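Now for the letters of each chain:
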Amino acid sequence: MTDHPDAAEMRERYARMTGGRKVEIMEGLVMLTGLYLAISPWVVHFSSTYPNMMVNDLVLGLALAAIGWGMVLFPERALGLGWMLIPVGIWLIISPWVATANHSAPKGIIWSNAVVGALACALGAVTAAMSLKSRGSRGAAKGTRTL
């Protein structure tokens, strides 16, 4: 495989797309954020008292972890999915008031979801910026403009 004429170009493209160590850090942070969110109903102790929030946090936590895992497996394609973390983060911030039965939640749920939601928004913004930067550098390398 190393004798293949495209092997060097493929290695260079992979290195350019992943951006080195920065992307690996983002993958890990997204996965850890998702895994914490998935276990947060048991960490903050609301799994039995607020079942709607338990399901919400478990499903969204697994989804965030899956996005992070997708960034590990398919860095060229999944890096562009980073913008999806922003609406998930916004939903996490407002979900304690929307997804609960009486439209209020204890401070532990509010703080947990607000911190994880803000972190998801920040990770999404950084990941989206990295994706746009890598697309811009590819367009500049080809001599084309990107919007």
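Read on for a plain summary of the structure.

How each quantity is defined
Residues numbered from 1 in each chain as written. Predicted model: local features only at pLDDT ≥ 70, side-chain atom pairs only at ≥ 80, totals over all residues. Heavy atoms only, no water. Helix = DSSP H or I, 4+ residues; strand = E, 2+ residues; numbered from the N terminus. Buried < 20%, exposed > 50% of the residue type's maximum accessible area, 1.4 Å probe, protein only. Contact = heavy atoms within 4.5 Å. Areas by Shrake-Rupley, 256 points an atom, 1.4 Å probe, with all protein chains shown as cover. Core = buried A, V, L, I, M, F, W, Y, C linked by side-chain atoms within 4.5 Å. Polar contact = N/O pair within 3.5 Å; in protein donor to acceptor, adjacent residues only side chain to side chain. Expected span 1.5 Å × (residues − 1). Axes fitted to C-alpha atoms, helices over the stretch in contact; angles between N-to-C directions. Parallel < 35°, antiparallel > 145°, perpendicular 65-115°, else oblique. Left-handed = near helix turned anticlockwise from the far one by under 90°. Nonpolar A, V, L, I, M, F, W, Y, C, P; charged D, E, K, R; others polar.

**Let's talk about the overall build of the chain**
The helix and strand tally for the chain stands at six helices and zero strands. Ordered by position from N to C terminus, the α and β elements of the chain give α-α-α-α-α-α. For the chain, the residues scored as buried account for 37% of the 147 residues in total. Long-range contacts, defined as pairs at least 24 residues apart, comprise 71% of the intrachain contacts of the chain with a sequence gap of at least 6. Accessible area for the chain stands at about 8800 Å²; split by element, carbon and sulfur atoms hold 69% of it.

**Details of the nonpolar core**
Across soluble globular proteins, nonpolar side chains show a tendency to be buried alongside one another. Ranked by size, the top nonpolar core spans 15 residues in total, and within it V30, L37, M71, L85 and L92 carry the most contacts. When residues of this core are assigned to their parent elements, the largest contribution, four residues, is made by helix α3 (residues 51-73). In contact with V30, other than residues within four places in its own chain, are L64, I67, G68, M71, L85 and L123. In terms of nonpolar packing, the next biggest core, distinct from the first, is built from six residues, F46, M53, A105 and I110 among them.

**Quick word on the environment of A78**
Tracing the chain through its elements places A78 in helix α4 (residues 75-78). Overall, A78 belongs to the buried group, its relative accessible area being 5%. What A78 contacts, discounting residues up to four positions off in sequence, is G70 and M71.

**Some words on unusual backbone geometry**
For H45, which is not glycine, the phi dihedral falls at a positive 65 degrees. Turning to its location among the elements, H45 is positioned in the loop between α2 (21-43) and α3. Under the relative-accessibility criterion, H45 is labelled exposed at 67%. The backbone of H103 sits at a positive phi, close to 60 degrees, despite the residue not being glycine. Among the structural elements, H103 can be located in the loop between α5 (85-98) and α6 (107-142).

**Here's the deal with the environment of A65**
Topologically, A65 is positioned in helix α3. Between the C-alpha atom of A65 and that of Y36, which follows or precedes it by 29 residues, the distance is 9.3 Å.

**So, the side chain of T127**
Among the secondary structure elements, T127 is positioned in helix α6. Judged by its relative accessible area of 0%, T127 falls in the buried class. Engagement of the side chain of T127 in a polar contact is seen with the backbone oxygen of L123, the distance being 2.7 Å.

**Observations regarding α3**
Taking 1.5 Å of rise per residue, the 23 residues of α3 would be expected to cover 33 Å, and the 32 Å separating its terminal C-alpha atoms lies within 8% of that figure. All buried positions along α3 are accounted for by M53, M54, N56, D57, L60, G61, L64, A65, I67, G68, G70 and M71.

**A word on the packing of α3 against α5**
At a minimum axis distance of 12 Å, the contact between α3 and α5 shows a crossing angle of 165 degrees. Looking at the two axes, α3 sits roughly antiparallel to α5. For the crossing formed where α3 meets α5, the hand is left-handed. The residues of α5 that touch α3, namely those facing M53, N56, D57, L60, L64 and I67, are L85, V88, W91, L92, S95 and P96. Of the residues belonging to the contact of α3 with α5, the class tally is nine nonpolar, two polar and one charged.

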